[in-house]
Amino acid sequence: MTQKKIAIVTGASRGAGAGIARGFGEMGYTVYVTGRTVTPGDAKGWDGSVLPGTVAETAQEVTRLGGKGVAVVCDHADDDAVARLFEQVMAEQGRLDVLVNNAAYMHHQLIQPMPFWEKELDAQKIIDVGLRSAYVASWHAAKIMVAQGSGIIAMTSSFGATCYMHGPAYGAQKAGLDKLAHDMAHDFTGTGVAAVSLWLGPQVTERSKIAVKTNPEQYEGFLEMAENPEFSAHVIDAIDRAPNRDDLSGQTLIVAEIAKELGVTDRGQERP
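Residues numbered from 1 in each chain as written. Predicted model: local features only at pLDDT ≥ 70, side-chain atom pairs only at ≥ 80, totals over all residues. Heavy atoms only, no water.

1. Some details on helix α3 (residues 79-93)
Helix length check: α3, at 15 residues, gives a terminal C-alpha distance of 21 Å against a target of 21 Å (1.5 Å per residue), a fit within 8%. Packing partners of the buried residues in α3 comprise β1 (6-9), β2 (30-35), β3 (68-73), β4 (98-101) and α4 (125-148). For α3, the N-terminal capping position is held by D78, with its side-chain oxygen 3.0 Å away from the main-chain nitrogen of D80. (Helix = DSSP H or I, 4+ residues; strand = E, 2+ residues; numbered from the N terminus. Expected span 1.5 Å × (residues − 1). Contact = heavy atoms within 4.5 Å. Polar contact = N/O pair within 3.5 Å; in protein donor to acceptor, adjacent residues only side chain to side chain.)

If you want it as structure tokens, here you go:
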């Protein structure tokens, strides 16, 4: 009997993280779902409306879909809380197969079309919880994965790493994630551990649906071309099983492109 894989998906109360967790659930993974939201209504959309989603609800969805969801309330700005997360996984599972670094600070002005100096300074916190937090989680994961001789660390990045998108803080965070994956893979050579950065396409999430309503001109046609976030989980799984896995490690990969190469579809659809 094939051993079920163990994954951590950070920032998975809602959005892309929740979808990726659900995608792993569809494949029978045990998924540790991290996030800060315990009570519905703690998070707000771009228009100030209440966003659905909690860590417990995502974990329940993972279980409903055939995996096992474990909700862990974790603020990824708190290094001690992150350390406890990995201690819990090892105490309960004894291994870790996948880490998806998805947690990020979402400032309420992120998508507003204004220069960075007119946004609140707190907008830069996406670098703290988004880039720095990915390094910290990867540091803990690497110690586990290298010791067991296997595992994959995936960063959720975007085209904003190389083009203007939402301002310099967002761009720096995404570019940093790509570089983390590249350099981590160098250090992982010969260990059996891989690291990749994934450029996700437009995602069907609670926030993106609000963004379409809030900025219809900027997001015209967005939902028609958007990916279901579960798609990325299936792509990560395929990368981990790919015969050219070692060659893929360290690369920044466009989800839709590598999906075609590995024969993965988004609910039966090939993404452009």
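2. So, the sheet that holds strand β7 (residues 252-254)
With parallel pairing, 7 strands are arranged side by side in an open sheet as β3-β2-β1-β4-β5-β6-β7. Whereas interior strands pair on both sides, the edge strands pair on one side only; in this sheet they are β3 and β7. Each strand of the sheet is rotated relative to its neighbour by a mean of 20 degrees, with strand direction disregarded. Judged from the 3 bridges that link them, β1 and β4 form a sheet pairing that is parallel. Residue pairing in the sheet places V9 in a bridge with V100 of β4. (Pairing = 2+ DSSP bridges. Axes fitted to C-alpha atoms, helices over the stretch in contact; angles between N-to-C directions.)

3. So, the nonpolar core
Of all hydrophobic cores here, the largest spans 34 residues; its most connected members are F24 and I239. For this core, the element with the highest residue contribution is helix α8 (residues 230-241), accounting for 6 residues. Apart from residues no more than four positions distant in its own chain, I239 is found in contact with I152, V196, L198, R245, L248, L253, I258 and L262. Residues I8, V72, A141 and L180 belong to the second largest nonpolar core, which totals 30 residues. (Core = buried A, V, L, I, M, F, W, Y, C linked by side-chain atoms within 4.5 Å. Buried < 20%, exposed > 50% of the residue type's maximum accessible area, 1.4 Å probe, protein only.)

4. Focus on α4
Because each turn of an α-helix spans 3.6 residues, side chains separated by three or four positions in sequence point in the same direction. If you check α4, its first and last C-alpha atoms are 34 Å apart, about what 24 residues at 1.5 Å a residue would give, namely 34 Å. The sharpest bend along α4 comes to roughly 35 degrees, located at S133. The positive-phi residue at the C-terminal boundary of α4 is G149, with phi of around 80 degrees. (Bend = angle between axes of the 7 residues up to and from the residue.)

Purely geometric numbers; function is a separate question.
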